[in-house]
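Fold and contact review
The residues making up each chain are set out below.
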Number of protein chains: 2
Amino acid sequence: MYLHGRNVLKEILKLPVGDLKIKRVLFSDQKNTAHELELLKKRCKKKGYRVEYVTPEKLYNLSREKKHQGVVIDLKEFPYTDFEKLVESAKQKPSFTIALLDMVQDPHNLGAIIRTAVAAGIKGLVITEKSSTKVTPAVVKVSTGLAFRMPISIVTNMVRAIEHLKKTDFWIYAASMEGIPYYQTNFSKKSAIILGNEGEGIRKLVKRNADYIVSIPMEPGVDSLNVSASAAVLFFELRKQLGGE
Amino acid sequence: MYLHGRNVLKEILKLPVGDLKIKRVLFSDQKNTAHELELLKKRCKKKGYRVEYVTPEKLYNLSREKKHQGVVIDLKEFPYTDFEKLVESAKQKPSFTIALLDMVQDPHNLGAIIRTAVAAGIKGLVITEKSSTKVTPAVVKVSTGLAFRMPISIVTNMVRAIEHLKKTDFWIYAASMEGIPYYQTNFSKKSAIILGNEGEGIRKLVKRNADYIVSIPMEPGVDSLNVSASAAVLFFELRKQLGGE
């Protein structure tokens, strides 16, 4: 996949080389490029990434984005985290928060949720294999590159993932209209919050497996909140309650 | 402007006829349309709106949107609310919350902020004339039609608008990184929250006129939150503190 933009490259440069399958990093061949681009080129070379120079038109053709900022990254695939590994890494921590996205379909929403999750200190994100948007270039863009700071796992069976989390001391909270208000909920130090699909919400079978249903009380006559807005409210409540650890 | 979609039309139909300058409502001329569309046609005629039938291709050409759902509304202009009137309407209420957007430029952000504001019970929204996105068809779409439930005012001078609000017993809160945490802030029953531009934040002169600076504490190493995510956190804190009145 072709990613673009300086912030995305900066996030990628923070990661160990082995974590990513980078084919090439393409820079604009224009001479009067920004100083920042020169520094980024040096850092890419230092990391051993293959650097190529192409015309701005070529960058546009690859990224399909006018605001490519003079750089396009040719990445083989997004580095998803194995779900078992994510759960394993939580075991050693006194506090760990995860978001489970049950069939979130809009790339803009996923990107926004990732960005907010990183800012709120959520430690992992789980998406379903079926009927979910994966981490596409559009998702990376909306996340402002922060997708590379968030461990993201794909699971085939959300119910089984929930059962696994429960066995490792997680408490599961499903976000839904009919629950108790989020600010009256005492979130556990190990919390996983389920957010549902844009139209249908969380599937019944998934919701039934949650320990608690939490709601965001809202104005009468309004029947839903955008899933990324719900995520913002709930993630920062978690951060407030758990002290940002 | 051409708006599309059934939810948008439903919101428009809730408003008094005099509040809107509707030129025409265009429906698909296909015979096998949904029952819902038939009901909407009847309601449009009952309100005295001019109804026309065109091909689905024509609807697509007008709205530039494949998911037009068989209906396009031809509206002369978005019905903005006079700022003086907005402040006047607040005077009679014991509790009233307003969001002031200082040069928010992305239509997706404005649409998302409107949707969240309606859900959280914010009573009015103020945008700047300069360097702001106005209420475009894209904004209405992202707001899921809720833009028609929110009084939105355009002001030429944000500082003067703040001064006017202060004179009518409002307290002004600016959202910024260096403030006190939002959950340690006691919001007044008459609160106006300022949110800033996507890249630059709130202009200095505007910020200096706020009574309080409030922050959303976040993970170290993350320097900003999307403005619509910040809005979600702050608007629902307001709702929680003021009891959703």
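Residues numbered from 1 in each chain as written. Chains lettered and ligands numbered in written order. Predicted model: local features only at pLDDT ≥ 70, side-chain atom pairs only at ≥ 80, totals over all residues.

Right, let's talk about the sheet that holds strand β10 (residues 212–215) of chain A for a bit. All names here are of chain A. The sheet built from 6 strands is open, its strands ordered β7-β6-β5-β9-β8-β10 with parallel pairing. Each edge of the open sheet carries a strand with a single partner, namely β7 (152–155) and β10. Here the strands of the sheet are splayed against their neighbours by 30 degrees on average, with no regard to which way each runs. Of the pairings in the sheet, the one linking strand β8 (residues 171–181) to strand β9 (residues 190–196) comprises 4 bridges and is parallel in character. Within β9, the residue paired with Y173 across the bridge is I193. (Pairing = 2+ DSSP bridges. Helix = DSSP H or I, 4+ residues; strand = E, 2+ residues; numbered from the N terminus. Axes fitted to C-alpha atoms, helices over the stretch in contact; angles between N-to-C directions.)

Now for the domain arrangement of chain A. Residues and elements named next belong to chain A. According to the domain assignment, chain A contains domain 1 (2–75) and domain 2 (83–242). Using only C-alpha atoms to locate each centre, domain 1 and domain 2 end up separated by 31 Å. Between domain 1 and domain 2, the contact holds 9 residues from the first and 8 residues from the second. Elements that contribute at least two residues to the side of domain 1 that touches domain 2 include exactly β1 (2–4) and α1 (6–14). (Domains from an automatic or database assignment. Contact = placed C-beta atoms within 7 Å.)

Residues and elements named next belong to chain B. With mixed pairing, the 4 strands of this open sheet are ordered in space as β1-β4-β2-β3. Pairing within the sheet leaves two strands with one partner each, and these edge strands are β1 (2–4) and β3 (51–54). Direction aside, neighbouring strands of the sheet carry axes that sit 25 degrees apart on average. The pairing of strand β2 (residues 22–28) with β3 spans 4 bridges and is classified as parallel. Across the sheet, L26 pairs through a bridge with E52, a residue of β3.

Turning to the interface of chain A and chain B, a few remarks are in order. Listed by partner, the interface residues are 21 residues for chain A and 21 residues for chain B. Secondary-structure elements contributing two or more residues to the side of chain A that touches chain B are α5 (107–120) and α9 (227–242) of chain A. Per element, the largest residue contribution to the side of chain A that touches chain B is 6 residues, and it comes from α5(A). A per-class count over the side of chain A that touches chain B returns 14 nonpolar, 4 polar and 3 charged. (Nonpolar A, V, L, I, M, F, W, Y, C, P; charged D, E, K, R; others polar.)

Once that is clear, we can look at unusual backbone geometry. Residues and elements named next belong to chain B. Here the phi dihedral of Q69 falls at roughly 60 degrees; this positive angle occurs in a residue that is not glycine. Mapping Q69 onto the fold places it in the loop between α3 (56–63) and β4 (71–75). Of note, the phi angle at D169 is positive, near 75 degrees, even though the residue is not glycine. In this structure, D169 sits in the loop between α7 (158–167) and β8 (171–181).

Residues and elements named next belong to chain B. Two elements, β2 and β4, share 5 bridges in a ladder whose sense is antiparallel. Each bridged residue has a counterpart across the sheet, and for L26 the counterpart in β4 is V72. Crossover β2 to β3 through helix α2 (residues 35–46) is right-handed. (Right-handed = clockwise from strand over helix to strand, strands pointing away.)

Counting 154 residues, the largest nonpolar core has A:A99, A:I194 and B:I194 as its most contacted members. Each residue touching A:I194, except ones within four places of it in the same chain, is listed here: A:L100, A:D102, A:I172, A:Y173, A:A174, A:A175, A:I202, A:V206 and A:A210. (Core = buried A, V, L, I, M, F, W, Y, C linked by C-beta atoms within 7 Å. Buried ≥ 20, exposed ≤ 12 C-beta atoms within 10 Å, placed from the backbone.)

With that settled, the discussion passes to the confidence of the model for chain A. Of the residues in chain A, 99% reach a pLDDT of 70 or more, and the chain-wide mean stands at 94. Across the whole predicted complex the pTM is 0.94, and at the interface the ipTM reaches 0.93. (pLDDT = per-residue confidence, 0-100.)

Residue and element names in this part refer to chain B. Three or more residues of helix α4 (residues 83–91) are buried, namely F83, L86, V87 and A90. Across the axial projection of α4, the buried residues extend over an arc of 95 degrees, all falling on one side. With respect to the buried face of α4, the exposed residues turned more than 90 degrees away are E84, K85, E88 and K91. Contact partners of the buried residues in α4: β5 (96–102), β6 (124–128), β7 (152–155), α7 and β9 (190–196). (Arc of directions from axis to C-beta.)

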